[in-house]
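Inside the fold
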Amino acid sequence: MNLYARRRFTNYFNLAISVLVTLFGLFFLGWLLWTLFSQGAQYLDWRVFTEITPGPGDANGGLANAIVGTLLLTFFGVLLGTPIGILAGTYLYEFGRRSWITPAVRFINDVLLSAPSIVLGVFVYEILVMTFGGFSGWAGAVALALIVIPIVVRTTDNMLALVPDTMREAAVALGAPRWKVTLSIVYRSASTGLVTGVILATAQIIGETAPLLFTSLGNQFWNTDMGKPMPALPLVIFNFAMSPYERWQHLAWAGALLITLTVLIMNILARTFLRGRKVD
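Thresholds applied
Residues numbered from 1 in each chain as written. Predicted model: local features only at pLDDT ≥ 70, side-chain atom pairs only at ≥ 80, totals over all residues. Heavy atoms only, no water. Helix = DSSP H or I, 4+ residues; strand = E, 2+ residues; numbered from the N terminus. Contact = heavy atoms within 4.5 Å. Areas by Shrake-Rupley, 256 points an atom, 1.4 Å probe, with all protein chains shown as cover. Lys, Arg positive; Asp, Glu negative; His and termini not counted. Charge placed at Lys NZ, Arg CZ, Asp CG, Glu CD. Axes fitted to C-alpha atoms, helices over the stretch in contact; angles between N-to-C directions. Parallel < 35°, antiparallel > 145°, perpendicular 65-115°, else oblique. Left-handed = near helix turned anticlockwise from the far one by under 90°. Nonpolar A, V, L, I, M, F, W, Y, C, P; charged D, E, K, R; others polar. Salt bridge = Lys/Arg side-chain N within 4 Å of Asp/Glu carboxyl O. Buried < 20%, exposed > 50% of the residue type's maximum accessible area, 1.4 Å probe, protein only. Core = buried A, V, L, I, M, F, W, Y, C linked by side-chain atoms within 4.5 Å. Expected span 1.5 Å × (residues − 1). Bend = angle between axes of the 7 residues up to and from the residue. Phe/Tyr/Trp six-rings, centres within 6.5 Å; stacked < 30°, edge-to-face > 60°.

Focus: the overall build of the protein
The number of helices and strands found in the protein is 12 helices and 0 strands. When the helices and strands of the protein are listed from N to C terminus, the series reads α-α-α-α-α-α-α-α-α-α-α-α. Taking the principal axes of its C-alpha atoms as reference, the protein extends roughly 70 × 65 × 30 Å. Intrachain contacts of the protein at a sequence separation of at least 6 include 75% that bridge at least 24 residues. When the accessible area of the protein is evaluated, it comes to approximately 15,700 Å², of which 70% is carbon and sulfur surface. Between the averaged position of the 18 positive side-chain charges in the protein and that of its 13 negative side-chain charges there is a distance of 15 Å.

Printed below as a string of structure tokens:
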């Protein structure tokens, strides 16, 4: 076998293995989505969105309080974590490129990206729940914000790196101060990437269960007070899926489908934003 034939064989072999592995992953993804849709769609009715979680053995009830609680926790988690993440990412690339602390911050941020979410939940439990003597929605929002921050930091750092330095130099040459260059030129050019990072971070935290077990705890009643234990869809799914009550199991399937659809839609939106506009 000559060199050309050997290279072609190697190319086709690697291509075939890549296709098979891709199909293997897509098969299980399709199987998972089909199971969720087939099991969850049949229990997704108006009661899910209008009634609160039922008591043990109750044949009625829905997920309205858990849906509202998830929206509140996610909103405040993103609200707390996004500004910190964007400002930290901006410092890393725009103002601290030559600082000795920048590599250390990037390393710590990478560690946080890979840290198990339950560890962050235990950390917030020790800092907030134990200190203030009770579970609360605010503790859950802080735990989710700690997940948002490293994602937004990494995205902001990478997106700002895509903005050409010539744009910064041209603005500075015209007499614009550095902060105005960052706000008016750099952020505007990288806005699509920044929004994408926030969307991905939101999709990441909306289905988190482990940190909420130690912080917001959960609540079977209607509650919009962030100072008290807060219900959330992931917590309801966790508790109801293992219960012996048929209605609870049905609601767990419906809740799992809702979260999956939400995360799927948000990831599609993020990909669309990222592909639809490039950094100028």
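Re the packing of helix H3 (residues 64-95) against helix H9 (residues 191-205)
A pair of packed helices can be characterised by two numbers: the angle between their axes and the separation between those axes. Where H3 contacts H9, the axes come no closer than 10 Å and their chain directions differ by 135 degrees. The orientation of H3 relative to H9 falls into the category oblique. Pair H3 / H9 crosses with right-handed handedness. On the side of H3, the interface is formed by Thr74, Val78 and Thr82, while H9 contributes Val198, Thr202 and Ile205. Broken down by class, the residue content of the contact of H3 with H9 amounts to 3 nonpolar, 3 polar and no charged.

Brief notes about the pattern of salt bridges
Overall, the coordinates contain 7 salt bridges when judged by the stated rule. Here Glu94 and Arg178 are joined by a salt bridge, their closest N and O atoms 3.9 Å apart. Of this pair, Glu94 sits in helix H3 while Arg178 sits in helix H8 (residues 178-189), placing them 84 residues apart in sequence. For Asp157, the salt bridge goes to Arg106, with nearest N and O atoms at 2.6 Å. In this pair, Asp157 is assigned in helix H6 (residues 137-161) and Arg106 in helix H4 (residues 101-114), connecting sequence segments 51 residues apart. You can call Asp157 buried: its relative accessible area is 10%. Each of Glu94, Arg97, Asp165, Arg168 and Arg178 takes part in a single network of salt bridges with overlapping partners.

Some details on the nonpolar core
Leu73, Leu144, Ile147, Leu160, Ile205 and Leu212 are the most contacted members of the largest nonpolar core, which has 28 residues in total. Those elements that provide at least two residues to this core are H3, H6, H8 and H9. The element contributing the most residues to this core is H6, with 8 residues. Not counting chain neighbours up to four residues away, the residues in contact with Leu212 comprise Leu73, Gly140, Leu144, Leu217, Ala232 and Leu235.

Focus on the environment of Ala241
As for its placement among the helices and strands, Ala241 is situated in helix H11 (residues 233-241). Those residues in contact with Ala241, other than ones at most four positions away along the chain, are Val236 and Ala252.

Thoughts on helix H5 (residues 117-132)
With 16 residues, H5 extends 22 Å from end C-alpha to end C-alpha; this agrees with the ideal 22 Å at 1.5 Å per step. Along H5, the sharpest change in direction is near 40 degrees and occurs at Tyr125. Close packing links the buried residues of H5 with H4, H6 and helix H10 (210-213). Positive backbone phi, approximately 75 degrees, marks Gly133, located one or two places after H5.

Side note on the packing of aromatic side chains
Counted according to the given criterion, the structure contains 11 aromatic pairs. Note on Phe9 and Phe13: the rings are 6.3 Å apart at their centroids and 20 degrees apart in plane angle, and the pair reads as stacked. Residue Phe9 and its partner Phe13 are located together in helix H1 (residues 3-40), separated by 4 residues, close to a single helical turn. Assessed through its relative accessible area of 46%, Phe13 is described here as partly exposed.

Function cannot be read off these values alone, since they describe shape.
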